[in-house]
Amino acid sequence: MSRARLGVLVSGSGSNLQALLDACASDGFPAEVACVVSNVPTAYALERARAAGVPAVVVDHKALASKADFERALLGVLREARVEWVCLAGFMRLLSADFLGQFPGRVLNIHPSLLPAFPGLHAQRQALERGVKVTGCTVHFVDAGTDTGPIIGQAAVPVLPDDDEKSLSARILAEEHRLYPLAVRLAVTGQVSLDGARTRVAAQATTGELALRSPGAPK
Ligand code: GAR
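The structure displayed is predicted, hence computed values, not measured ones.

Criteria and thresholds
- Residues numbered from 1 in each chain as written.
- Predicted model: local features only at pLDDT ≥ 70, side-chain atom pairs only at ≥ 80, totals over all residues.
- Heavy atoms only, no water.
- Axes fitted to C-alpha atoms, helices over the stretch in contact; angles between N-to-C directions.
- Helix = DSSP H or I, 4+ residues; strand = E, 2+ residues; numbered from the N terminus.
- Left-handed = near helix turned anticlockwise from the far one by under 90°.
- Contact = heavy atoms within 4.5 Å.
- Nonpolar A, V, L, I, M, F, W, Y, C, P; charged D, E, K, R; others polar.
- Near = heavy atom within 4 Å.
- Polar contact = N/O pair within 3.5 Å; in protein donor to acceptor, adjacent residues only side chain to side chain.
- Areas by Shrake-Rupley, 256 points an atom, 1.4 Å probe, with all protein chains shown as cover.
- Buried < 20%, exposed > 50% of the residue type's maximum accessible area, 1.4 Å probe, protein only.
- Pairing = 2+ DSSP bridges.
- Right-handed = clockwise from strand over helix to strand, strands pointing away.
- pLDDT = per-residue confidence, 0-100.
- Salt bridge = Lys/Arg side-chain N within 4 Å of Asp/Glu carboxyl O.

Asks: Can you help me understand the packing of helix α5 (residues 123–130) against helix α6 (residues 165–188) in this one?
Replies: Packed helices, taken two at a time, are described by their axes: the angle between them and the distance between them. Look at α5 against α6: their axes get within 9 Å of each other, and the N-to-C directions meet at 115°. Handedness of the crossing formed by α5 with α6: right-handed. Contacts between α5 and α6 pair Q124, R125, A127 and L128 from the former with E165, L168, S169 and I172 from the latter. Counted by class, the contact of α5 with α6 contains 4 nonpolar, 2 polar and 2 charged residues.

Structure (structure tokens):
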């Protein structure tokens, strides 16, 4: 079976990109990273892509006159690489409904909170400020809102009394790296589908892994 071609959009360190690259390099994974696009020319994620032998392209929004120009350039790169699915991995730009319409039901994002709590920027800081005891990460389909699209999977982590943004982010990131490849696998194999504001996961899929799991909780 041919593998789904992913375009991964990044803005920063790219540790989630790395998790996807590693998953794609493992036996039997149903997807491959066809290209990586960063809107930030200095993003470390670009190095990770090159090290994995994946085309790494910069589309710098600051160098383009408008959001429409930015998205046109982005779309050109993704089309050229024959991308079928788009994965946002620490990509810090909002995409328009027009752009999303080019990949209907095929744009995924990972966010470092248990959505719908704490959308937008600095989700970990928001969680600390609000004093929640549990937070986590979410993989969801992208719609035109900010972190509002149908949820595919979530993983929970505790917030500990001494946490700062750095320690909490690291604990969440470890779960992101596990959850994102799992969600991509289910999405590209058609085991998760859109159903209005939510998703349905096929009965044979490992749904338990999509709703996880404070360390120490029963596996
Ligand atoms: C991750 O925590 C990701 O969930 C978050 O940015 C970080 C990127 O790290 N994304 C968002 O906040 C999007 N709203 P990475 O570059 O190491 O993957």
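Asks: Just checking my understanding: could you explain the site of the ligand for this structure?
Replies: Lining the immediate environment of the ligand, one finds S13, G14, S15, N16, G90, M92, I110, H111, P112, L173 and E176. Between E176 and the ligand, the recorded distance is 2.7 Å, taken from a side-chain N or O atom to an oxygen atom. When the ligand sits alone it has 450 Å² of accessible area, and the protein chains cover 86% of it. Those elements giving two or more residues to the shell around the ligand turn out to be α1 (15–24), β5 (107–111) and α6. The class makeup of the residues in the shell around the ligand is 4 nonpolar, 6 polar and 1 charged.

Asks: Please explain the pairing of strand β1 (residues 4–10) as it appears in this structure.
Replies: The element β1 is largely enclosed, with a buried count of 7 among its 7 residues. Neither face of β1 is left uncovered, since the one carrying A4, L6, V8 and V10 and the one carrying R5, G7 and L9 both have all their residues buried. Relative to strand β2 (residues 31–38), β1 is paired through 7 bridges, and the arrangement is parallel. For L6, the partnering residue across the bridge sits in β2 and is V33. After leaving β1, the chain enters α1 and then returns to the sheet as β2, a path that is right-handed. Judged from the 4 bridges that link them, β1 and strand β4 (residues 85–88) form a sheet pairing that is parallel. Along β4, the bridge assignment pairs L9 with L88.

Asks: What exactly am I supposed to notice about the side chain of T135 here?
Replies: Note on placement: T135 falls in strand β6 (residues 134–141). A relative accessible area of 1% places T135 in the buried class. The residues contacting T135, other than those within four sequence positions of it, are P112, S113, L114, A127, A155, A156, V157, V159, L168 and I172.

Asks: How should the confidence of the model for the protein be read in this particular structure?
Replies: In this model, the protein carries an average pLDDT of 94, and 94% of its residues clear a pLDDT of 70 or more. This stretch, residues 213–219, has a pLDDT under 50; its non-local contacts, to residues over four places away or in other chains, come to 8 contacts.

Asks: Can you help me understand the pattern of salt bridges in this one?
Replies: Any two side chains of opposite charge can pair, on the condition that their charged atoms come close. Here the structure, examined in full by the defined rule, presents 8 salt bridges. Among the ionic pairs, R125 bridges to E165, the shortest N-O distance being 3.0 Å. Here R125 is found in helix α5, whereas its partner E165 is found in helix α6, with 40 residues between them in sequence. Classification of E165 by relative accessible area gives partly exposed; the value is 31%. With a closest N to O distance of 2.5 Å, R200 and D195 form a salt bridge. A residue is classified by how much of its surface remains accessible, and R200, at 43% relative accessible area, is partly exposed. A residue is classified by how much of its surface remains accessible, and D195, at 33% relative accessible area, is partly exposed.

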